[in-house]
Structures are given as C-alpha cells and as structure tokens.
Amino acid sequence: MITIYDTDAIEDIRSRNAVQPHRMKLFRNALFKNSGSWNDALAVLPEEARGDFEKSIIFQCLELAERHDSEVDGASKLIFKTHDGHLIESVVLRPKTGRTSICISSQVGCACYCSFCATGKMGFTRNLTMAEILDQVSQANRMVKPEGRTIRNVVFMGMGEPLLNTEQVLRSLDFMMDPKLFDLAGSRITVSTVGIPEAMELFTQTYPNVHLALSLHSADQEVRQRMMPQARVFPLERIRETLVAASAHGRVMIEYLMLAGVNDRDQDFQALTDYLKGLPVHINLIPYNEFSGSSLRGTPQPEREQFANRLKAAGFDVTLRYSMGSDIAAACGQLVQHKQKDASV
Ligand code: SF4
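Residues numbered from 1 in each chain as written. Predicted model: local features only at pLDDT ≥ 70, side-chain atom pairs only at ≥ 80, totals over all residues. Heavy atoms only, no water.

- As annotated in an unreviewed UniProt entry, the protein is 23S rRNA (Adenine(2503)-C(2))-methyltransferase RlmN from Pontiella agarivorans.
- The annotation that UniProt attaches to the protein under Sequence similarities (unreviewed entry) is "Belongs to the radical SAM superfamily. RlmN family."
- Comment text from UniProt for the protein, heading Subcellular location (unreviewed entry), reads "Cytoplasm". (UniProt positions renumbered as here; feature names shortened; annotations may be inferred.)

Structure (structure tokens):
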C-alpha cells in the first residue's frame, strides 16, 4: 500500500489518471501546507480520479491511540499505534514564548539502554519508517490547526536513537524541508544523538543547516559509560574529533541532563569545561523527569542554576531548560512503559 509520503508512487497514480500538475500542487498544499483532512485533499482532484487515489493511498499510517494534555503547561503527549501493534510517543510543546514544537520518535524502543531513560528499559523492537516518522508531524499539525497553530520546530528526541536509523531519518528530513511539502527551515529541526561519530559526520555534511544535538550528559568517560552503555563503543576523544569537524558547519547543541550526585559535582563541572573548551557549542542543562523503576534523582533547581551560572562565567552559552508536561509523564518512553506494564498484568 502507498502512503501519502511516497512521492514516486503518487506520481504514477497522477499520471495514470491524467491529473494536471497544478491539481497535484493543490493536493499537496491541502495535505502538507494547510494540514487539511483526506477529504479536503481529495476534493481538489478531478472527480473521476478520486476513487483511484482513495483506494490506492493510505492517508495515515499511525493510529492515534491516546492523547494526554498537561494541566500545568502547553504540552500534549500523543501515543500512536503502528500497523503492527507497537506503541510510540510524540510530545507537542506549546511554550508561552516561542513556537509550537514537536518531539518525535525514530524507533520503536531503543538499543542504547541509557540508565536514566524509560525507553532504554524497553529494549529495541524496530526502526520506524520515513512515513511513520513524518506521520507524527502531520497528525500533530492537524491536531493544533484548530488552535491557529502550526508545528514550527521538530526535534528528534523521542523514543529511539535517530542516527541508528539514519536512512529513514535522513529521508524524512528531505521531506520536512522540501518547499513543496512541509517546508520547514533546516534551522527549525534538531536531531539529537548519543554520539555515533560516522553517522554524525554524514549528517553534518549532508544537512549543514539542520541542528545537531549531542546528548553528552558527562565529560568523564567512566561516568558517561555508566549512564550510557553506548559510550563504551564511541569514547569521548573520538566524539570530540567529530564535534570539531561538525563545528565547521555551525554551533553544536550539547544536551546535559542533570542527575544528583552523578554528573553535577565539582569534578563533573571541571571535566565538562575542559572537554568543551574552544568549541562553538550551546549547552542545554536539562531537568530530569523521574519515573518509577529508576532510582536516579534530578539535581534540584537551585544547584542547576548555580551550575549554569558557573558555565556562563567560564564563557559558555547556556540555557537552563524547564520541565514541560511533568504531569503527563512527558519524558521519553514513560507512558508507553506504563501501558506495556498495564497490558502485561
Ligand atoms: S535516551 Fe535516547 S538513546 Fe538513550 S535509551 Fe533513551 S531513547 Fe535511547
């Protein structure tokens, strides 16, 4: 079956129904620029072509299984079910100041097993397809349209390691940035990685305008390995070489999740400043969304602020992030983990 993201197959259907190119432009605009319904898109086609389009193309490849809206801020967590019955998560963020954003998943589960992550406790099931990645954005756009909003920022920070699903993730980036389709600026897209050097190099060479975010979380090799087993495969020195090369294309975002007594001590601060010295990076200090099944605790806010101020005094650009959607378990993997537990009792 063909999805609405399969442009070659849709061109074949267009051609066999002799639909004029300007009608196809209206069809694409209805779907991607105006976030219209399937009926809105079909309505712009000649009547005699609609039946073939309708029976040949799948409009949505993910089923929205649940929606949880935060009562404390503008976050909505969406749980989608794939055609083969797996659950994935996306989070729509509506910050008071700033653009409507979506955090999307790139895999079902994850093979990286980071100790602080609910998805990491599930293990890996499979990669998402390009259509499944894009459908999270399309469905979110249709959801926020009645609010007068459009998704302006996309971050790959949901379930999965995007650079272990490079082919489908990179194809989805082409689609997102295509002026005829989603028409998102590259600077509005961020791909976050635990640090897979070869894939990071391919990514920055292919998409110099798209933001790369490294989930560093510690600049001490031993601490980092305990937090992120994948760090054993790609040690910090190798990742630093990649950061140096990537910085030729612009600033790299550094994600630093703050865990009490793990990576927020004086020696962690020193290791971090030594590691990043001389690199054009922007550091995001992230609060930890605690979840049952993990004994880790987040660094309290006053200490996070102090850590941020020390980094600023050392000359780094720093943003202290605040948690959104804490009442809806918005951190990656938390709700799906709850649902899987519910299903197994
Ligand atoms: S933090 Fe990201 S890379 Fe690590 S286990 Fe979770 S989803 Fe995978």
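Back to the write-up after that little detour.
Quick word on the pattern of salt bridges
Thinking step 1. Following the criterion strictly, the structure yields 16 salt bridges and no others.
Thinking step 2. Two residues, Lys55 and Asp52, come together in a salt bridge whose shortest N-O distance is 3.3 Å. Linking Lys55 with Asp52, this pair stays in helix 4 (residues 47–56), spanning 3 residues, or about one helical turn.
Thinking step 3. On the accessibility criterion, Asp52 (12% relative accessible area) is buried.
Thinking step 4. With its nearest N and O atoms 4.0 Å apart, the salt bridge here joins Lys180 to Asp178.
Thinking step 5. Lys180 gets classed as partly exposed once you look at its relative accessible area, which sits at 45%.
Thinking step 6. One salt-bridge network, held together by shared partners, links Arg16, Asp52 and Lys55. (Salt bridge = Lys/Arg side-chain N within 4 Å of Asp/Glu carboxyl O. Helix = DSSP H or I, 4+ residues; strand = E, 2+ residues; numbered from the N terminus. Buried < 20%, exposed > 50% of the residue type's maximum accessible area, 1.4 Å probe, protein only.)

Digging into the domain arrangement of the protein
Thinking step 1. Per the domain assignment, the segments making up the protein are domain 1 (2–58) and domain 2 (63–344).
Thinking step 2. In this assembly, 10 residues from domain 1 lie in contact with 14 residues from domain 2.
Thinking step 3. In total, about 1,100 Å² of surface goes out of reach between domain 1 and domain 2, with carbon and sulfur atoms giving 59% of it.
Thinking step 4. The largest contributions to the domain 1 side of the interface with domain 2 come from Tyr5, Phe32 and Ser35, which together make up 56% of the buried area.
Thinking step 5. On the surface where domain 1 and domain 2 come into contact, there are 0 salt bridges.
Thinking step 6. The tally of links from domain 1 across to domain 2 stands at 4 residue pairs in polar contact (both at pLDDT 80 or more). (Domains from an automatic or database assignment. Contact = heavy atoms within 4.5 Å. Buried area = accessible area lost by both parts, 1.4 Å probe. Polar contact = N/O pair within 3.5 Å; in protein donor to acceptor, adjacent residues only side chain to side chain.)

Details of the site of the ligand
Thinking step 1. Among the 11 residues in the neighbourhood of the ligand, the closest are listed as Cys110, Cys114, Cys117, Gly160 and Val194.
Thinking step 2. Class assignment of the residues belonging to the shell around the ligand gives a composition of 8 nonpolar, 3 polar and no charged. (Near = heavy atom within 4 Å. Nonpolar A, V, L, I, M, F, W, Y, C, P; charged D, E, K, R; others polar.)

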